[in-house]
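So you can see what is in the structure, the chains are spelled out below.
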Amino acid sequence: MKTLKMLEVKNLHVTIDNIEILKGVNFSLNSGEIHAIMGPNGSGKSTFSKILAGHPSYKITSGEILYNGENICDFDPDIRAHKGIFLAFQYPVEIPGVNNEDFLRLAYNSRQKALQQNELEPLKFLEVLVEKLKLVNLDPIFLSRNVNEGFSGGEKKRNEILQFALLNSELGILDEMDSGLDIDALKTISEAVNLLKTKDKSIILITHYKRLLEYIKPDFIHVMMNGKIIKTGDITLANLLEKNGYEWLN
């Protein structure tokens, strides 16, 4: 069976405020794969994740981002989301005055509409949502609260994975989802991510630490430094990084 290439990034250069952050990134991933991107602070990992999702503050100066064969460099974030790209933020924002259930339903129906599928009225949507809540072990009481307002770090991250599950996005970009989590929260979220993986769904993990990769097993590990991916390997590469740091790669 032929493996389908979901994402291909070619010689990507990106600036913000006229400062070059990404300096020729090349990266590809197939359907059904999990890739981890590691690197020191300031290496460009989070910038890369934001660029894939279409963050408007960054400017692509050259290169291509091909998603399912289509160049999406000029697509707005909502169009990319409708096409199946999801970004889970390292620091999920609080949205005062916006009910979590309403927010999730609007996001869900927005993608349903873009895919020319039926939108769900509140009661039908709640049936779908309750099943997804079980996946991430999130109490239904959080649905009545404002988006991420007063949530712990673990609850915010679970809420992000809930969105990923609910939207059924094909590409999940998880930016340092292990940041600030205790071991129990990390296990719960990792279990949910592992359950979401299918032959048609791919995941990019942005992380500093090997710990996350003990729970979510990547097919490939990439090291980003100074705005480029400089090395690719398997889990043994993460072991070397944990033992020796990043200096030996310079």
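Residues numbered from 1 in each chain as written. Predicted model: local features only at pLDDT ≥ 70, side-chain atom pairs only at ≥ 80, totals over all residues. Heavy atoms only, no water.

Identification of the protein as ABC ATPase from Vaucheria litorea is taken from an unreviewed UniProt entry.

Next up on the list: the overall build of the protein. Counting its secondary structure elements, the protein contains seven helices and 12 strands. In terms of overall dimensions, the protein is globule-like: its C-alpha atoms have a radius of gyration of 18 Å, near the 18 Å expected for 250 residues. Expressed along its principal axes, the backbone C-alpha trace of the protein runs to roughly 55 × 45 × 40 Å. Taking all 250 residues of the protein together, the buried fraction comes to 48%. Looking at the protein alone, contacts between residues at least 24 apart form 70% of all its contacts between residues at least 6 apart. When the accessible area of the protein is evaluated, it comes to approximately 12300 Å², of which 50% is carbon and sulfur surface. In the protein, 29 positive and 33 negative side-chain charges are present, and the distance between their average locations comes to 4 Å. (Helix = DSSP H or I, 4+ residues; strand = E, 2+ residues; numbered from the N terminus. Rg over C-alpha atoms; globule rule 2.2 N^0.38 Å. Buried < 20%, exposed > 50% of the residue type's maximum accessible area, 1.4 Å probe, protein only. Contact = heavy atoms within 4.5 Å. Areas by Shrake-Rupley, 256 points an atom, 1.4 Å probe, with all protein chains shown as cover. Lys, Arg positive; Asp, Glu negative; His and termini not counted. Charge placed at Lys NZ, Arg CZ, Asp CG, Glu CD.)

Relative to the 21 Å expected for 15 residues at 1.5 Å per residue, helix H5 (residues 153-167) spans 22 Å between its end C-alpha atoms, a close match to the ideal helical length. Judged by how many residues are buried, H5 sits mostly within the fold: 14 of 15 residues are covered. A positive backbone phi angle near 55° is found at Asn168, which sits one or two residues after H5. (Expected span 1.5 Å × (residues − 1).)

Overall, the coordinates contain four aromatic pairs when judged by the stated rule. Relative to Phe125, the ring of Tyr108 has its centre 5.5 Å away and its plane inclined at 50°; by these criteria the two rings are tilted. Pair noted here: Tyr108 is in helix H3 (residues 100-114) and Phe125 is in helix H4 (residues 122-136), with a separation of 17 residues, a long-range link. On the basis of an interplanar angle of 75° and a centroid distance of 4.9 Å, the ring pair of Phe142 and Phe151 is categorised as edge-to-face. Comparing Phe142 with Phe151, the two get one shared label, buried. (Phe/Tyr/Trp six-rings, centres within 6.5 Å; stacked < 30°, edge-to-face > 60°.)

Once that is clear, we can look at the UniProt feature "domain: ABC transporter" (unreviewed entry) in the protein. In this numbering, the UniProt entry assigns the feature "domain: ABC transporter" (unreviewed entry) to residues 7-249. Between the end C-alpha atoms of residues 7-249 there is a gap of 26 Å, over a span that is 35% helix and 29% strand. (UniProt positions renumbered as here; feature names shortened; annotations may be inferred.)

Turning to the environment of Leu106, a few remarks are in order. Mapped onto the secondary structure, Leu106 falls in helix H3. Taking the C-alpha atoms as reference points, Leu106 and Ile21, separated by 85 residues in sequence, lie 34 Å from one another.

Bringing the sheet that holds strand E5 (residues 70-71) into the picture now. What the four strands build is an open sheet, ordered E2-E1-E4-E5; its pairing is antiparallel. The open sheet has two edge strands, strand E2 (19-30) and E5, and neither has a second partner. Here helix H1 (residues 45-53) sits on the sheet in contact with strand E1 (5-16), E2 and strand E4 (59-67), set at roughly 115° to E1. (Pairing = 2+ DSSP bridges. Axes fitted to C-alpha atoms, helices over the stretch in contact; angles between N-to-C directions.)

A separate point is H4. Between the first and last C-alpha of H4 there are 21 Å, a value that for 15 residues agrees with the 21 Å anticipated at 1.5 Å per step. When H4 is considered as a whole, its buried residues turn out to be Phe125, Leu129, Leu133 and Val136. The inward-facing, buried residues of H4 abut H3, H5 and helix H6 (183-196). Here H4 starts with a cap whose side-chain oxygen sits 3.0 Å from the backbone nitrogen of Leu123, and that cap is Glu121. Within two residues after H4, Asn137 carries a phi angle of roughly 55°, on the positive side. (Polar contact = N/O pair within 3.5 Å; in protein donor to acceptor, adjacent residues only side chain to side chain.)

Tracing the sequence through the fold places Ser46 in helix H1. Look at Ser46 and you get buried, because its relative accessible area is 18%.

In this section: unusual backbone geometry. One non-glycine residue, Gln116, lies in the positive phi region at around 60°. Position of Gln116 among the secondary structure elements: in the loop between H3 and H4. Classification of Gln116 by relative accessible area gives exposed; the value is 77%.

We now examine the sheet that holds strand E11 (residues 220-225). On the basis of which strands lie adjacent, the open sheet formed by six strands has the order E6-E9-E10-E3-E11-E12 and mixed pairing. Of all strands in the sheet, those bounded by a partner on one side alone are strand E6 (85-88) and strand E12 (228-233). Between one strand axis and the next, the sheet turns by 20° as a mean value, whatever way the strands run. Alignment of E11 against E12, held across five bridges, turns out to be antiparallel. Bridge pairing links Met224 to Ile229 in E12. This element, H5, spans E6, strand E9 (171-175) and strand E10 (202-206) of the sheet and lies at about 170° to E6.

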